[in-house]
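# Understanding the architecture of this molecule
One-letter residues, chain by chain:
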Amino acid sequence: MTELTQSQTWNELVAHTEALPHMRALFESDPQRFDKMSTTACDLFLDYSKNRASEETLSLLFKLAEECKLESKIKAMFDGDVINTTEKRAVLHTALRATPGQKILLDGVDIVQEVQQAQAQMASFVSSITSGDWKGYTGKPITDIVSIGIGGSFLGPKIVSQALRPYWNKALNCHFVGNVDGTSITEKLKPLDAETTLFIMSSKSFGTQETLTNTLSAKDWFIQQGGTQSDIAQHFVAVTSNVAKATEFGIDANNIFPMWDWVGGRYSLWSAIGLPIALMIGMDNFRELLNGAHQMDQHFANTPLSENMPVIMGLFSLLYGNFHNAQSHVVLTYDHYLRGLPAYFQQLDMESNGKSVTLDGTQVDFSTGPVIWGGEGTNGQHAYHQLLHQGTALIPADFIMPLKSHNPLGEHHKQLASNCFGQTQALMQGRSYEESLTELAGSTLSENDKRTIAKHKVMQGNKPSNTILMDKLTPATLGSLIALYEHRTFVQGAIWDINSFDQWGVELGKNLGNDVLERLSATADATELDSSSNGLINMFRQQTI
Ligand SMILES: O=P(O)(O)OC[C@H]1O[C@H](O)[C@H](O)[C@@H](O)[C@@H]1O
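Residues numbered from 1 in each chain as written. Predicted model: local features only at pLDDT ≥ 70, side-chain atom pairs only at ≥ 80, totals over all residues. Heavy atoms only, no water.

## Some words on the pairing of strand β8 (residues 236-240)
The condition that has to hold: Only protein chains enter the area calculation, which uses a 1.4 Å probe; residues under 20% of their type maximum are buried, those over 50% are exposed, and those in between are partly exposed. The helix and strand labels rest on DSSP assignments: H or I over at least four residues marks a helix, E over at least two residues marks a strand, and numbering proceeds from the N terminus. Look down the strands so they point away from you; if going from the first strand over the helix to the second traces a clockwise path, that crossover is right-handed.
Extensive coverage of β8 is indicated by the burial of 5 of its 5 residues. The β-α-β motif built from β8, the intervening helix α12 (residues 243-249) and the parallel element strand β9 (residues 256-258) has right-handed crossover chirality.

## Examining the domain arrangement of the protein chain
Filter applied, for reference: An automatic or database domain assignment supplies the residue ranges for each domain.
Examined at the domain level, the protein chain breaks down into domain 1 (3-67 + 303-427 + 463-496), domain 2 (93-288), domain 3 (430-462) and domain 4 (504-544). Centre-to-centre separation of domain 1 and domain 4, based on C-alpha positions: 41 Å.

## Quick word on empty space enclosed by the protein
Inclusion rule: Cavities and pockets are found on a 1 Å grid laid over the protein atoms alone: a cavity is a set of points where a 1.4 Å probe fits but cannot escape, a pocket is an open set with protein on both sides within 12 Å along at least five of seven lines, and a lining residue has an atom within 4 Å of such a point. Grid points are joined across faces, edges and corners, and a volume is the space filled by probe spheres set on the points. Side-chain classes are defined by residue name, with Ala, Val, Leu, Ile, Met, Phe, Trp, Tyr, Cys and Pro counting as nonpolar, Asp, Glu, Lys and Arg as charged, and the others, Gly among them, as polar.
Scanning the model with the defined rule gives 1 cavity of 30 Å³ or more in all. When its volume is computed, the largest cavity comes out at roughly 50 Å³. Around the largest cavity sit Ser-317, Leu-318, Tyr-320, Gly-321, Ala-326, Ser-328, His-329, Thr-368, Pro-370, Pro-396 and Trp-496, which together line it. With 4 residues, the single largest contributor to the lining of the largest cavity is helix α15 (residues 309-323). Grouping the constituent residues of the lining of the largest cavity by class yields 6 nonpolar, 5 polar and no charged.

## Observations regarding the sheet that holds strand β11 (residues 371-376)
Remark on secondary structure: sheet strands pair via backbone hydrogen bonds, oriented parallel or antiparallel. Quick reminder of the rule: When DSSP finds two or more bridges between two strands, those strands count as paired. For every element, the axis is a line fit to its C-alpha atoms; helices are fit only across the contacting stretch, and the angle between N-to-C directions ranges from 0 to 180 degrees. Two residues qualify as a contact provided that any one of their heavy atoms is within 4.5 Å of a heavy atom in the partner residue.
Pairing within the open sheet is mixed, and its 6 strands lie in the order β1-β2-β13-β12-β10-β11. Edge strands, defined here as strands with exactly one partner in the open sheet, are β1 (38-41) and β11. Taken pair by pair, the neighbouring strands of this sheet meet at an average axis angle of 20°, ignoring direction. Bridge analysis of strand β10 (residues 328-333) against β11 gives 6 bridges, and the strand direction is parallel. Bridge pairing links Ser-328 to Val-371 in β11. Sheet strands touched by helix α21 (residues 475-496): β2 (44-47), β10, β12 (397-402) and β13 (465-470). Its angle to β13, the strand with the most contacts, is close to 155°.

## Quick notes on the site of the ligand
Selection criterion: Whether a residue is near a molecule or strand depends on its heavy atoms: it is near if one of them lies within 4 Å of it. Polar contacts, as used here, are pairs of N or O atoms within 3.5 Å; protein pairs need one atom able to donate a hydrogen and one able to accept it. Residues neighboring in sequence count only if both atoms are side-chain atoms. To measure how exposed things are, a 1.4 Å probe is used in the Shrake-Rupley method; for residues, cover is taken only from the protein chains shown. Just a note on the criterion: a molecule sits in a pocket or cavity if more than half of its atoms are within 2 Å of the grid points.
Lining the immediate environment of the ligand, one finds 13 residues, of which Ser-153, Ser-203, Ser-205, Thr-208 and Glu-351 sit closest. Ser-203 has a polar side-chain atom sitting 2.6 Å from an oxygen atom of the ligand. For the ligand, whose unbound accessible area comes to 390 Å², protein coverage reaches 89%. Its atoms largely coinciding with the cavity grid, the ligand occupies the largest pocket. Grouping the constituent residues of the shell around the ligand by class yields 2 nonpolar, 8 polar and 3 charged.

In structure tokens, the structure reads:
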């Protein structure tokens, strides 16, 4: 048993949540509910009134957070304490968006200065590419960026540049290769011209199999297309914390951008890992993105728990996972540019909070990180929303929408908004049996059929959602939004007392994958593993030898 589930507040929450009325009743009894349960921070508006919560629920949740020393844990992260205890590392992605002049000392070194130097290196690189000063091996300016990386070195740059497409430099195009599946890089390279293509190899460790293999294939392609070994320096740059390995691999030392071990991969888009973003949207906009995140950092670090947006969102997610048995959480972006965000938050949250022991190694006796999934609205409404409305699982939802579109076309945005708000309303209020019967009153169905069909039309409602609105999707609002979710993830991990910053589960898969790779190339069939693994390996061997 953990202390957490033994605590009085935890047990009060168990009893309290069971007794809470339907959200419809909560709205009916308090016309001010929307005003009371909504807040603004960093140009993001959060309506959290459509949650299964009364004032008492909130005060119990805040009490739980206080008892779990959330405030001092937040401070410890910002101060650079070694909170990633299993890897003995500080967690300072917030330093990547600190303002110049701010001082954050780590082992006596001011890391903000290092960050500023890296940003200056990025800025001069971006300017040489966009001005055309940096030329390909035949003297032509660069037109295409191919970013090679995986995990945090892939999703952040890809999804943020996709989201900020209205800010793109029209003279450049960007492509992302993550998967080691040869199809991925083959298809990406097909339309490209080696003379005008720049490869960015992004790998914090410089040891990730997929990224090394894809980079080698990119080099082979470059040579096949007419480039020479000595041209490689003009076409390959790297972002890594392992400079020695990158130079050994053949990347020119002048073309290496730094990374640090105090930045987790899934928190790294703010560093030079974000170089593809900076190239596509320009360094000024990249700084806006950082500034948006910095504003959210300030809000998170300095706002009382009860008004703190990431805290409120983190506590609601915990409420559903721990007290309502919700196993998943859906993120629904009502903006085509934000269509990749659910996948980004999925990595952020599931790699961070998919853990089963507390910091001291005690097995948890409560659910930790839920499955995060989602997609873009309105598409999902014609598919999986059915399960949100009438399925047996409780799936809390986040709806995210800018009030203004970058593409204001006729009535499109109004219709988009009406669908977004209509969905949250339907989830909350549902439809009773009596209402369903009334709807069927004028039909030609028999009374018996009406009663049967009415049962199928019943929606329990009481399905929770948050709605996050922003005036417009800009680099700054996107920065704030992503930082909001980073901190929301932190809040839950802090209350559960787990390490949100390691990923040992991923490591085991990597090691076993390498072992299998050797067996696939061995001269004899595999016999030493379990029969399934032996069987699969040997089937593959028979097809390829
Ligand atoms: O940047 P790299 O060192 O190549 O790592 C890429 C990714 O691989 C790992 O498997 C981790 O789980 C991710 O968090 C990381 O972002």
